[in-house]
Amino acid sequence: MRVAIIADVHGNADALDAVLNDLQQQGADRVIVNGDVVNRGPDSVEVMERLLGHPGVQFTLGNHDDLLRLWHARSASLPTAWFDDPFWGATAWSADQLDRAGLLHVPAAWPMTLTLDVPGLPRVLIAHGTRQHYREGLSERTAPERIGVLRQPADGSPADVLIGSHIHRPAHATVDGALIVNTGAVGFPATGDPRAQFVLLTAGDGIWTPEFRLVPYDRSGVVARFRTSGMLDTGLSAAIFREELLRACSLYTPYWDWTERDTVIRTPDSWSRFLSDHAATTH
């Protein structure tokens, strides 16, 4: 049995197509999409349609999948000031694109977690972040005491394998007796390596063995669609997302944290200053 777990496609149709082709060649029996199908890239509608049309695919809910629904509803769970801030133009654009396609609310039915219960094999618990929050990163850096908590799902049966995504980099470790795996990101890796990342779990001899796949693809098409789709015209955040794709590193969150910490207004000028002063240390 081979299970492909992909995540963080983030509206990058070209990366997704490369991964779907690779997992077919690898003989994956099952495909699980571990959240963050949409936002960041220009192809949210296209990737949602491709994955919904893929036979037998299962989903978990990612924070960006949820964010776009909350944004469109002007949810009170989001800061009111965000809705009038042009910095959020790319998020508003992606939400509108999905709404017009009738796909915005599809993720409302996606669960926070999935489990693999296969006789004779360790129980696997899959969540975009962790079972307790989709923005909690899971990696070799997660404290052993935290792993002990996260292994215990609501039904009381502990998991021996925990699989997360969200942090946009692969991880593989044994912590507190549990196998910890992070899938990395299909659409927007944050490792300096632009290849699309996913994990293939293979069952054998009573264990699950993870294989980290790195799939090359031509990024020129998705980079061009930032402009041709109109997304780049929405403002600064779209330009930052495109730069993340080009550099294969995290820029949006470090830039946001820097502006919050130093009370800097988010403008093209401050973004340029951030790139020149800080970007070399953002991997």
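Residues numbered from 1 in each chain as written. Predicted model: local features only at pLDDT ≥ 70, side-chain atom pairs only at ≥ 80, totals over all residues. Heavy atoms only, no water.

- If you check an unreviewed UniProt entry, the protein appears there as Metallophosphoesterase family protein from Deinococcus rufus.
- What UniProt states about the protein under its Sequence similarities (unreviewed entry) heading is, verbatim, "Belongs to the metallophosphoesterase superfamily. YfcE family." (UniProt positions renumbered as here; feature names shortened; annotations may be inferred.)

Section: the overall build of the protein
Move 1: Each helix and strand in the protein was counted, giving nine helices and 10 strands.
Move 2: With 283 residues in all, the protein has 52% of them scored as buried.
Move 3: Partitioning the contacts of the protein with sequence separation of at least 6, the portion at a separation of at least 24 is 66%.
Move 4: For the protein, the accessible surface area stands at approximately 11800 Å², while carbon and sulfur atoms represent 50% of it.
Move 5: The protein carries 24 positive and 34 negative side-chain charges, and their two centres are separated by 1 Å. (Helix = DSSP H or I, 4+ residues; strand = E, 2+ residues; numbered from the N terminus. Buried < 20%, exposed > 50% of the residue type's maximum accessible area, 1.4 Å probe, protein only. Contact = heavy atoms within 4.5 Å. Areas by Shrake-Rupley, 256 points an atom, 1.4 Å probe, with all protein chains shown as cover. Lys, Arg positive; Asp, Glu negative; His and termini not counted. Charge placed at Lys NZ, Arg CZ, Asp CG, Glu CD.)

Things to note about the sheet that holds strand S3 (residues 58-60)
Move 1: In space, the five strands of this open sheet follow the order S3-S2-S1-S9-S10, with mixed pairing throughout. Each edge of the open sheet carries a strand with a single partner, namely S3 and strand S10 (207-215). Between one strand axis and the next, the sheet turns by 25 degrees as a mean value, whatever way the strands run.
Move 2: With nine bridges joining them, strand S9 (residues 196-204) and S10 adopt antiparallel strand pairing. Paired with Thr-202 across the strands is Thr-209, a residue of S10.
Move 3: Sheet contacts for helix H1 (residues 13-25): strand S1 (2-6), strand S2 (30-34), S9 and S10; angle to S9, the most-contacted strand, approximately 20 degrees. (Pairing = 2+ DSSP bridges. Axes fitted to C-alpha atoms, helices over the stretch in contact; angles between N-to-C directions.)

Things to note about the side chain of Asn-34
Move 1: Take Asn-34: it is sitting in strand S2.
Move 2: For Asn-34, a relative accessible area of 0% gives the class buried.
Move 3: Within the local environment of Asn-34, its side chain forms a polar contact with the side chain of Thr-60, the two groups lying 2.7 Å apart.
Move 4: Beyond its immediate sequence surroundings of up to four residues, Asn-34 is in contact with Ile-5, Ile-6, Ala-7, Thr-60, Ile-126, Ala-127, His-128, Ile-163, Gly-164 and Ser-165. (Polar contact = N/O pair within 3.5 Å; in protein donor to acceptor, adjacent residues only side chain to side chain.)

Thoughts on the nonpolar core
Move 1: In this structure, Ile-6 and Val-37 are the most contacted members of the largest nonpolar core, which totals 62 residues.
Move 2: Beyond its immediate stretch of four places on either side in the chain, Ile-6 contacts Leu-16, Val-19, Leu-23, Ile-32, Val-33, Asn-34, Leu-51, Val-186 and Phe-198.
Move 3: Ranked by size, the runner-up nonpolar core spans 15 residues in total, among them Ile-32, Leu-116, Leu-121 and Val-161. (Core = buried A, V, L, I, M, F, W, Y, C linked by side-chain atoms within 4.5 Å.)

Some thoughts on the packing of helix H7 (residues 236-247) against helix H9 (residues 268-278)
Move 1: Relative orientation of the contacting elements H7 and H9 amounts to 20 degrees, with a least axis distance of 11 Å. One finds that H7 runs roughly parallel with respect to H9. H9 is crossed by H7, and the crossing has right-handed handedness. In contact with Leu-236, Ile-240, Glu-243 and Arg-247 of H7, H9 contributes Pro-268, Trp-271 and Leu-275. (Parallel < 35°, antiparallel > 145°, perpendicular 65-115°, else oblique. Left-handed = near helix turned anticlockwise from the far one by under 90°.)

Thoughts on the pattern of salt bridges
Move 1: Per the stated rule, a full pass over the model turns up 17 salt bridges.
Move 2: A salt bridge links Glu-211 to Arg-2; its shortest N-O distance comes to 3.3 Å. Within this pair, whereas Glu-211 is found in strand S10, its partner Arg-2 is found in strand S1, the two being separated by 209 residues in sequence.
Move 3: The residue Asp-17 makes a salt bridge to Arg-50 at a minimum N-O spacing of 2.7 Å. Taken together, the residues Asp-17 in helix H1 and Arg-50 in helix H2 (residues 44-52) connect sequence positions 33 residues apart.
Move 4: When its relative accessible area of 33% is taken as the criterion, Arg-50 is described as partly exposed. (Salt bridge = Lys/Arg side-chain N within 4 Å of Asp/Glu carboxyl O.)

Here we look at unusual backbone geometry
Move 1: Look at His-166: it is not a glycine, yet its phi comes out positive at around 75 degrees.
Move 2: Mapped onto the fold, His-166 is located in the loop between strand S6 (161-164) and strand S7 (170-175).
Move 3: In this structure, Ala-248 takes a positive phi of about 55 degrees despite not being glycine.
Move 4: Inspection of the secondary structure assignment puts Ala-248 in the loop between H7 and helix H8 (252-261).
Move 5: Among the residues examined, Ala-248 registers a relative accessible area of 2% and is labelled buried.

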